[in-house]
Amino acid sequence: MAESAHHELAAIPGTPYPEALAAFGEQVRLIGPGQWDAPTPCTDWSVRDLVNHLTGEQLWIPELLMGATVAEVGGRFDGDVLGDDPVAAWTAAADAARHAFAVPGATGLTVHLSFGDVSGQYYLDQVTTDLVIHAWDLAEGIGHPTRLPAGLVDFALAALGGYGDLSGTGAFAPPVPVPDDADPQTRLLALTGRRDHP
């Protein structure tokens, strides 16, 4: 989610990764049979594409925490990783990733990302923030607007707040203007080019 210019930023203590997994997983389990092709706020991604992206992201975690490079993993997780049972695929990938980060010392490892080497803590912060934003996207895509848990919103705001205009990374639309007294979720979504529906 973050670009190489930012990977030296300090990690945020108390990363709520299990909570972010749970928030996204809750939305995955709410997807109706006819909703997998529905659009999401990520304009290039359907509901299935979004779940596939996050599932693939979790599949990478055990590999990278064990020291593999992006080149060594190669295209193993390219394309569709959801198969015939997307909910089961998500659940298995999330469980494996959660266990990988729970190994003592995982956050102190060196992780080889595409833009350079980072700490396991930085990687954990990155994937947690991605889950938080996309949990909202998925909820919107399935017509289930949600208020994200306050702790997740606060974490993601702290993680992204120092980056300025995120649209320069190519991963986000330009920020949406919001009032100074906007609530934290509205401000978080606005930073990433999304408009909340309070």
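Report on the accompanying structure. Here the structure is a predicted model, which means the values were calculated and not measured.

Here we come to the pairing of strand β1 (residues 110-113). Here β1 shows a clear split, with V111 and L113 buried on one side and none of T110 and H112 buried on the other. Taking the residues between adjacent antiparallel strands as the criterion, β1 and strand β2 (residues 116-119) are bridged by two residues.

Right, let's get into the packing of aromatic side chains. This structure, assessed with the given rule, holds five aromatic pairs. Judged by centre distance (5.2 Å) and plane angle (70°), the rings of Y17 and F101 are edge-to-face. Here Y17, found in helix α1 (residues 17-30), pairs with F101, found in helix α4 (residues 86-102); they are 84 residues apart in sequence, far enough to count as distant. Ring geometry for F101 and Y123: centres 5.8 Å apart, planes at 55°, overall tilted. One end of the pair, F101, is in helix α4; the other, Y123, is in helix α5 (residues 120-141), with 22 residues separating them in the sequence. Taking relative accessible area as the criterion, F101 reaches 10% and is therefore assigned buried. Taking the relative accessible area as the measure of exposure, Y123 reaches 3% and is therefore buried. Each member of the aromatic cluster is reached from another via a ring pair, and the members are Y17, F101 and Y123.

Because an α-helix completes one turn every 3.6 residues, residues spaced three or four positions apart along the sequence face the same direction. Over its 17 residues, α4 extends 24 Å from the first C-alpha to the last, a length consistent with the 24 Å expected when each residue adds 1.5 Å. Buried residues of α4: P86, A89, W90, A93, A94, A97, A100 and F101, and no others. Buried residues along α4 cover an arc of 125° about the axis, so they all sit on one side. Exposed residues pointing more than 90 degrees away from the buried face of α4 are listed as H99 and A102.

For the coordinates displayed, the defined rule picks out six salt bridges. Residues R194 and D137 are paired through a salt bridge, measuring 2.7 Å at the closest nitrogen-oxygen approach. With a gap of 57 residues between them, R194 in the segment after α7 (184-191) and D137 in helix α5 connect regions that are remote in the sequence. An identical accessibility class is assigned to R194 and D137; each is buried. Several salt bridges converge on common partners, so that one network encompasses R147, D183 and D196.

By the secondary structure assignment, Q58 is in helix α2 (residues 47-65). For Q58, the side chain forms a polar contact with the side chain of Y17, separated by 2.6 Å. Excluding anything up to four places from it in sequence, Q58 contacts Y17, L21, W90, A93, A94, A97 and L131.

To continue, consider the environment of H134. Mapped onto the secondary structure, H134 falls in helix α5. Spatially, the C-alpha atom of H134 lies 7.3 Å from that of F24, the residues being 110 residues apart in sequence. Ignoring anything within four residues of it in the chain, the contact list for H134 reads F24, C42, W45, L50, H53, L54 and R194.

Reading the values: the criteria
- Residues numbered from 1 in each chain as written.
- Predicted model: local features only at pLDDT ≥ 70, side-chain atom pairs only at ≥ 80, totals over all residues.
- Heavy atoms only, no water.
- Buried < 20%, exposed > 50% of the residue type's maximum accessible area, 1.4 Å probe, protein only.
- Helix = DSSP H or I, 4+ residues; strand = E, 2+ residues; numbered from the N terminus.
- Pairing = 2+ DSSP bridges.
- Phe/Tyr/Trp six-rings, centres within 6.5 Å; stacked < 30°, edge-to-face > 60°.
- Expected span 1.5 Å × (residues − 1).
- Arc of directions from axis to C-beta.
- Salt bridge = Lys/Arg side-chain N within 4 Å of Asp/Glu carboxyl O.
- Polar contact = N/O pair within 3.5 Å; in protein donor to acceptor, adjacent residues only side chain to side chain.
- Contact = heavy atoms within 4.5 Å.

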